[in-house]
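# Structure at a glance
The primary structure of each chain is shown beneath.
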Amino acid sequence: MKRILYCGYTKENLKKCVNLLSVDKDPYQLSYDMCSKFISNLKTVDMKEDALEILKEEVIQLKNRLLKTKNNSIAYEIEVNINNYVECILEINLLLNEFEMGINYFHKNYIESDKEIKEYILLNKLDELDLKKEWIKEYEQYMNKIDYRDSLVERYEELKGLS
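Definitions and limits used
Residues numbered from 1 in each chain as written. Predicted model: local features only at pLDDT ≥ 70, side-chain atom pairs only at ≥ 80, totals over all residues. Heavy atoms only, no water. Helix = DSSP H or I, 4+ residues; strand = E, 2+ residues; numbered from the N terminus. Buried < 20%, exposed > 50% of the residue type's maximum accessible area, 1.4 Å probe, protein only. Contact = heavy atoms within 4.5 Å. Areas by Shrake-Rupley, 256 points an atom, 1.4 Å probe, with all protein chains shown as cover. Axes fitted to C-alpha atoms, helices over the stretch in contact; angles between N-to-C directions. Parallel < 35°, antiparallel > 145°, perpendicular 65-115°, else oblique. Nonpolar A, V, L, I, M, F, W, Y, C, P; charged D, E, K, R; others polar. Arc of directions from axis to C-beta.

## Examining the overall build of the chain
Broken down by element type, the chain carries nine helices and zero strands. Along the chain, helices (α) and strands (β) appear in the sequence α-α-α-α-α-α-α-α-α when read from the amino end. Looking at the 163 residues of the chain, the share that counts as buried comes to 43%. By sequence separation, contacts in the chain at least 24 residues apart represent 57% of the contacts at least 6 residues apart. Carbon and sulfur atoms make up 49% of the accessible area of the chain, which totals about 9800 Å².

Next up, the structure:
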């Protein structure tokens, strides 16, 4: 990615980098590390905003493709890619201090039927970026709706100073 962006921070080069985030052959292969490498190369606010635009377009295209597929293994691969892109979008929004926008986009677009797992992924990302205030707000918003796992309950008590 660094080499691609070294040639210039254009939308075309950002699109090439986003394409590298796609899981084409092995859904277990990619993405967390690749997403981090991609984001670390987005040096300016404009680059981050351009990347958001490209990633969101990819999510729309993948969701349309998902609706048309009848093959379960292809559907699974598409869902993995959508979720990878959504996590990347979330992280960029959080880095731009657009917390609410990123969290709302995540809730709307991340594909996971188990609400606790979905929330666990989101809370881990908030924790990873040391966004304690947002972590507590998110946790408290769903604490009466989701039966959180023990590690999240313990983290909440730690952040609130209850333990």
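Having seen the structure, we can now continue with the description.
## What to know about the packing of helix H4 (residues 45-68) against helix H6 (residues 99-109)
Axes are the key here: two packed helices are described by the angle between their axes and the distance separating the axes. At a closest axis distance of 13 Å, the pairing of H4 and H6 adopts a crossing angle of 10°. Regarding the angle of H4 to H6, the classification is roughly parallel. Listed contacts from H6 to Lys56, Val59 and Lys63 of H4 are Met101, Tyr105, Lys108 and Asn109. Residue composition of the contact of H4 with H6, grouped by class: three nonpolar, one polar and three charged.

## Remarks on helix H9 (residues 150-160)
Turning to H9, its buried residues number three or more, namely Leu152, Arg155, Tyr156 and Leu159. An end-on view of H9 places all buried positions within 100° of arc, on one side of the element. Among the exposed residues of H9, those oriented more than 90 degrees off its buried face are Asp150, Glu154 and Glu158. Elements in contact with the buried residues of H9: helix H7 (115-128) and helix H8 (132-142). Residue Gly161 follows H9 closely and has a positive phi angle near 75°.

By themselves, these figures tell us nothing about what the structure is for.
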